[in-house]
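# Close look at the chain arrangement
The primary structure of each chain is shown beneath.
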Amino acid sequence: MRAIAEAPAKAIVTGEHFVVHGAWAVAAALPRKVHVTIEPSSRFEVVSDLFGMTGSPELLPVSRVVEAMAREFSEKPNVRVTISSDVPGGAGLGSSAATMVAVASAFSELNSLGLSVPELVDCAMVGERSIHGNPSGIDPAVCAHGGVILFRTDTPPKRISFGGTRSLILTYSGLKRSTRGQIGHVSKMKEKYPGMFEMLARGMSELSLRASEMLREGDMRELGTLLTVNHAALMSLGVSNNTLDQIVDVLLSMGSYGAKLTGAGGGGSVLAVAPEGKEKSIVSGLSARGFETFRVKIPVQGVKSWLER
Ligand code: PMV
């Protein structure tokens, strides 16, 4: 018997970094997935299409999640974990969070633990902390819950519901970066300029609340303005770079309503919203400049798991 789980990728719509320091943020699950299979084995082993096999440092967090769950629920950690993913690593699209959530969900399924979504998020956080240091938890929360969420560290996530779908454009800069390093940089900025940081975090928290209303109402034009303002705030923190700023600028000059880096910055991806009639030409324009760009429809379902005999 084996357990299978699938968890979606994610994009942070507004409020990254500031969310680590207590601000509201908005995140959406995306229609790209990490797929995990867990089956009993004579010892713990893990194989991944992106990161090789047991012993590879990128896979250490997977063993942390399995070990912690085995200890907590008195189950055997001797399992074979197989991971396949269509979420690029280091692209700010939540490949690690989706992996940790899917591992927690498949391990729960295999051992009939019946864990709730918040409990799966707690288990996934063991792996996330070992990768990122002091993450806010927004990534595993949105990968597990799915849909679009309004998130703050001290409150259970609130689902932003709307009828129909909303469309987002994602452009991968091609530059990988470390979330841990970026979070560290922001903490230093906060220490150096506490007054300015506090004001900016308050502003971005308000901006996220407003963005959640615009998503609910489908006002993509106003949402776009908020995205661009959020990008400017992230630039001022020093987590953007020339490539990301240029991608944002090209997206705007091609007629997007707005654009910003998404995730930790320093590389990774840019998120944009655009008038429906312009989306196709924007995607081909960015692709022609050599940046992998795709359009996605949200909302998307969160993690799911099942058993196969
Ligand atoms: O690792 P990423 O690119 O998905 O970024 C995570 C978002 C941050 O706000 C930068 C960190 C966090 O834990 O919230």
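### Some thoughts on the overall build of the chain
- A tally of regular secondary structure across the chain gives 9 helices and 12 strands.
- In summary, the chain has a C-alpha radius of gyration of 19 Å against a globular reference of 19 Å for 309 residues, a match within 12%.
- Projected onto its principal axes, the C-alpha positions of the chain cover 55 × 45 × 35 Å.
- The buried share of the chain, taken over its 309 residues, is 54%.
- A separation threshold of at least 6 residues defines the contact pool for the chain, and within that pool the share at least 24 residues apart is 75%.
- Summing over all exposed atoms, the chain offers an accessible surface of approximately 12900 Å²; the carbon and sulfur share of this is 51%.
- For the chain, the distance from the average position of its 32 positive side-chain charges to the average position of its 29 negative side-chain charges is 2 Å.

### Quick word on the domain arrangement of the chain
- Segmenting the chain into domains produces domain 1 (2-160 + 301-308) and domain 2 (166-298).
- When each unit is reduced to the centre of its C-alpha atoms, the spacing between domain 1 and domain 2 is 23 Å.
- Contact with domain 1, which involves 35 residues of that partner, is made by 45 residues of domain 2.
- Both faces combined, the contact of domain 1 with domain 2 buries some 3000 Å², and carbon together with sulfur accounts for 68% of it.
- Along the contact surface separating domain 1 from domain 2 lie 2 salt bridges.
- Here Arg32 and Glu292 are joined by a salt bridge, their closest N and O atoms 3.8 Å apart.
- Where domain 1 touches domain 2, the interface holds 14 residue pairs in polar contact (both at pLDDT 80 or more).
- At the level of elements, β1 (2-14), β2 (25-40), α3 (117-132) and β6 (148-152) are the ones that each hand at least two residues to the side of domain 1 that touches domain 2.
- Top contributing element to the side of domain 1 that touches domain 2 by residue count: β2, with 7 residues.

### A few points about the side chain of Ser108
- Secondary-structure assignment places Ser108 in helix α2 (residues 95-110).
- With a relative accessible area of 6%, Ser108 lands in the buried category.
- Each residue touching Ser108, except ones within four places of it in the same chain, is listed here: Met69, Leu113, Gly114, Leu115 and Leu120.

### Quick notes on the packing of aromatic side chains
- Taken as a whole and assessed by the stated rule, the structure comprises 1 aromatic pair.
- With 5.7 Å between their ring centres and 35 degrees between their planes, Phe18 and Phe197 make a pair best called tilted. One end of the pair, Phe18, is in the loop between β1 and β2; the other, Phe197, is in helix α6 (residues 194-217), with 179 residues separating them in the sequence. Comparing Phe18 with Phe197 shows no difference in burial state: the two are buried.
- When the ring centre of Phe294 is taken as reference, the NZ or CZ atom of Arg32 above it lies at 4.1 Å.

### Describing helix α1 (residues 60-72)
- For α1, spanning 13 residues, the distance from its first C-alpha to its last is 18 Å, which sits close to the expected 18 Å at 1.5 Å a residue.
- Within α1, the full set of buried residues consists of Pro61, Val62, Ser63, Val65, Val66, Ala68, Met69 and Ala70.
- Looking at the buried residues of α1, the elements they touch are β3 (45-48), β5 (79-85), α2 and α3.
- Of the residues one or two after α1, Ser74 is the one with positive phi, at around 50 degrees.

### Thoughts on the sheet that holds strand β8 (residues 166-172)
- Strand order in the open sheet formed by 4 strands is β9-β10-β8-β11, with antiparallel pairing between adjacent strands. Strand pairing shows two members of the sheet lacking a second neighbour, β9 (258-262) and β11 (293-298), which therefore form its edges. In this sheet, adjacent strand axes meet at a mean angle of 30 degrees when their direction is disregarded.
- Of the strands in this sheet, β8, β9 and β10 (269-273) are in contact with helix α7 (residues 220-237), which crosses β9 at around 45 degrees.
- Sitting on the sheet, helix α9 (residues 279-288) touches β8 and β11, and the angle it makes with β11 is about 145 degrees.

Cut-off values and rules
Residues numbered from 1 in each chain as written. Predicted model: local features only at pLDDT ≥ 70, side-chain atom pairs only at ≥ 80, totals over all residues. Heavy atoms only, no water. Helix = DSSP H or I, 4+ residues; strand = E, 2+ residues; numbered from the N terminus. Rg over C-alpha atoms; globule rule 2.2 N^0.38 Å. Buried < 20%, exposed > 50% of the residue type's maximum accessible area, 1.4 Å probe, protein only. Contact = heavy atoms within 4.5 Å. Areas by Shrake-Rupley, 256 points an atom, 1.4 Å probe, with all protein chains shown as cover. Lys, Arg positive; Asp, Glu negative; His and termini not counted. Charge placed at Lys NZ, Arg CZ, Asp CG, Glu CD. Domains from an automatic or database assignment. Buried area = accessible area lost by both parts, 1.4 Å probe. Salt bridge = Lys/Arg side-chain N within 4 Å of Asp/Glu carboxyl O. Polar contact = N/O pair within 3.5 Å; in protein donor to acceptor, adjacent residues only side chain to side chain. Phe/Tyr/Trp six-rings, centres within 6.5 Å; stacked < 30°, edge-to-face > 60°. Lys NZ or Arg CZ within 6 Å of the ring centre and 35° of its normal. Expected span 1.5 Å × (residues − 1). Pairing = 2+ DSSP bridges. Axes fitted to C-alpha atoms, helices over the stretch in contact; angles between N-to-C directions.

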